[in-house]
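Coordinate analysis (summary)
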Amino acid sequence: MTDPAPRLDRVDVLDALRARLAEVGYTTEALEASLGGGRISFSAADVAVHERRLEPGEPFAALVRLFLLGAPLEPGEAEATFGPVDVGALTDSAWLEQAEGGVRATLKLVPHGDLLIASDRETEGPTGSGWVAGIHPPSVTLAKLTVRRPVVRALDVGTGNGIQALLASRQAESVVATDVNPRALALAALNARLNGATNIELREGSFFDPAQGERFDLVTCNPPYVISPETRYAYRDSGLPGDTVSRQVVEQAPAMLNEGGFAHILISWAHTTDDRWGTLEDWVAGRGCDSWLLYFGSDDPVTYSAEWLKPVAREDPERFRDQLAIWLDYLADLGIEAIAHGAVILRRRSGERNWTRKDSVSLDRLEQASEHILRVFDTQDYLESLDDDRELLDATLALVERHRLEQTAVFREGRAELQSTVLSLDEGLAFRIGLDEHAAELVPRLDGARPLRAVLAQRASELELGSGDAERFEAAALTPVRRLLELGLLFRTDA
């Protein structure tokens, strides 16, 4: 069972709690410095380790133990920790509850940037069908992939704790957030109030149903996309067979978009071992949107099932074996060979032939990608408009500022010999691409001041190429230039 949500009508308590957390430095940076980077595990063994890293007697450490690790505080320690904030008022308003002769937090409370996000506590694993997850890697991924530009209306589907709606509230005049889980809406409302967001409207219902007939400039959705035989958790299990929930969300999202509006959706999909894209391309075809399909990776059925059943494995190895068999039988009955996870970014563009592009993305390198995504969409429009790649010769191009050129050399016979050159983007989707020696010489010369044709002519002259070789050199250069434009490593200064 989950605990009751704290009372929204105790505005004084909400404000006092937030002020106290800010006063003691309850921030992401402080948590990482105290507990180490990476995702924090809440297994009993790991919680014990985390507690040993915290300095005893400090209010910050006590609040981490209380709100993050789920440990109780003795009455005297609680009074000292909260200082001017009345512990009785926190208990009356359901932020705290009596436990083990002291008090315990009813919710987990985690900083995310300058936001505070309340969610249900984790121990060995989630409990209760209405359990509301906190900030986890998929929600961070979705936030990084969302275009951040001013809009009139935004829609967050399956809002959960409300993190995406809160982020959207800073760029949108109004936000609609939907969820089928009443508890999720209660915690999203709490988080909106805790963070001072007044432009979020919460609606109960399944996916897009509460907003049917309406249009938005921005849509975000982190659906329960796990391909699972269970219906245990609202945040994870859709109850629909296979990858149906991901397909339905992708297919229905375009109808919710205003012209030029963006949708960002996390998904998983089943695929054969020799074709990771085919299914996904069918989902976006003919929807009136330009589509960017992002692939994060795939798992075989055994790896996939075992990963999602890790909490069961820790709690009850015998039950884990039984559950693993159920999951594998389910996936085998559906004929699933592999399961991919990734994202779809859609932009509504009606009345013209739409494009679809596909890229693999390393989540380990992903940064806030709004600027990069907008640049790629604009560039792809330009490339699609060309009748011939030779028209690129008239473009004036430059290398993006946030890049890195990495060269590897080996010593042979006492001399350094260049072995490889890799150009990396240090922003957004952080693409990396290998360059041959000619491309490596060309890229630094793209200064945004001269057309590509002039840059190539100068380089051909330096190489003392005849007219025929110069033409071939020019034609060969178009392939890497186009690819660098597609990946957002180059941009047009004459756009």
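Structural notes, computed from the coordinates. (Residues numbered from 1 in each chain as written. Predicted model: local features only at pLDDT ≥ 70, side-chain atom pairs only at ≥ 80, totals over all residues. Heavy atoms only, no water.)

This part is about the overall build of the chain. Scanning the chain for helices and strands turns up 18 helices and 18 strands. Taken along its principal axes, the extent of the C-alpha atoms in the chain is 90 × 50 × 50 Å. Here the chain holds 495 residues, and the buried ones make up 50% of them. Taking contacts inside the chain between residues at least 6 apart in sequence as the whole, the part at least 24 apart equals 70%. Of the roughly 22,200 Å² of accessible surface on the chain, a fraction of 48% belongs to carbon and sulfur atoms. Across the chain, 51 positive and 80 negative side-chain charges occur, with their mean positions spaced 2 Å apart. (Helix = DSSP H or I, 4+ residues; strand = E, 2+ residues; numbered from the N terminus. Buried < 20%, exposed > 50% of the residue type's maximum accessible area, 1.4 Å probe, protein only. Contact = heavy atoms within 4.5 Å. Areas by Shrake-Rupley, 256 points an atom, 1.4 Å probe, with all protein chains shown as cover. Lys, Arg positive; Asp, Glu negative; His and termini not counted. Charge placed at Lys NZ, Arg CZ, Asp CG, Glu CD.)

Relative to the helices and strands, Arg 349 is located in the loop between strand S11 (338-348) and strand S12 (356-360). You can call Arg 349 buried: its relative accessible area is 14%. A distance of 3.1 Å separates a polar atom in the side chain of Arg 349 from a polar atom in the side chain of Glu 352. In contact with Arg 349, other than residues within four places in its own chain, are Glu 259, Gly 288, Cys 289, Asp 290, Asn 354, Trp 355 and Asp 381. (Polar contact = N/O pair within 3.5 Å; in protein donor to acceptor, adjacent residues only side chain to side chain.)

This part is about the sheet that holds strand S14 (residues 403-412). Judged by pairing direction, the sheet is antiparallel, and its three strands sit side by side in the order S14-S15-S16 without closing on themselves. Each edge of the sheet is formed by a strand with only one pairing partner; in this case those strands are S14 and strand S16 (432-435). Geometrically, the sheet is characterised by an average inter-axis angle of 25° between neighbouring strands, direction not taken into account. Relative to strand S15 (residues 415-425), S14 runs antiparallel, the two sharing 10 bridges. Among the inter-strand pairings, Leu 405 is bridged to a residue of S15, identified as Leu 423. (Pairing = 2+ DSSP bridges. Axes fitted to C-alpha atoms, helices over the stretch in contact; angles between N-to-C directions.)

Turning our attention to the pattern of salt bridges. What the rule picks out here adds up to 40 salt bridges. One salt bridge in this structure joins Asp 290 and Arg 349, with 2.5 Å as the shortest N-O distance. With a gap of 59 residues between them, Asp 290 in strand S10 (residues 289-299) and Arg 349 in the loop between S11 and S12 connect regions that are remote in the sequence. Here Asp 290 matches Arg 349 in class, with each residue buried. Here the salt bridges share partners, and the residues they tie into one network are Arg 357, Asp 359, Asp 389, Arg 482, Arg 483 and Glu 486. (Salt bridge = Lys/Arg side-chain N within 4 Å of Asp/Glu carboxyl O.)

Moving on, we come to the sheet that holds S10. In space, the eight strands of this open sheet follow the order S7-S6-S5-S8-S9-S11-S10-S12, with mixed pairing throughout. Edge positions in the open sheet fall to strand S7 (200-204) and S12, since each of these has one partner strand only. For this sheet, the mean inter-axis angle between neighbouring strands, taken without regard to orientation, is 20°. Pairing analysis gives five bridges linking S10 to S12, with the strands arranged parallel. When the sheet's bridge partners are listed, Leu 293 is paired in S12 with Lys 358.

Backbone geometry places Phe 207, a non-glycine residue, at a positive phi of 50°. Summarising the element assignment, Phe 207 is placed in the loop between S7 and strand S8 (216-221). The class for Phe 207 is partly exposed, based on a relative accessible area of 24%. A positive phi is found at Glu 464, a non-glycine position, where the angle reads about 60°. Within the secondary structure layout, Glu 464 lies in the loop between helix H17 (452-462) and helix H18 (467-486).

Turning our eyes to something else, we now look at the packing of aromatic side chains. The way to describe two aromatic rings as a pair is by their centre distance and the angle between their planes. In the structure shown here, the tally under the stated rule is 11 aromatic pairs. Taken together, the aromatic side chains of Phe 262, Trp 292, Trp 355, Phe 377 and Phe 431 make up a single cluster linked through ring pairs. When the ring centre of Tyr 295 is taken as origin, the NZ or CZ atom of Arg 276, which lies over that ring, is 3.9 Å away. Residue placement shows Arg 492 over the ring face of Tyr 382; its charged tip is 3.8 Å from the ring centre. (Phe/Tyr/Trp six-rings, centres within 6.5 Å; stacked < 30°, edge-to-face > 60°. Lys NZ or Arg CZ within 6 Å of the ring centre and 35° of its normal.)

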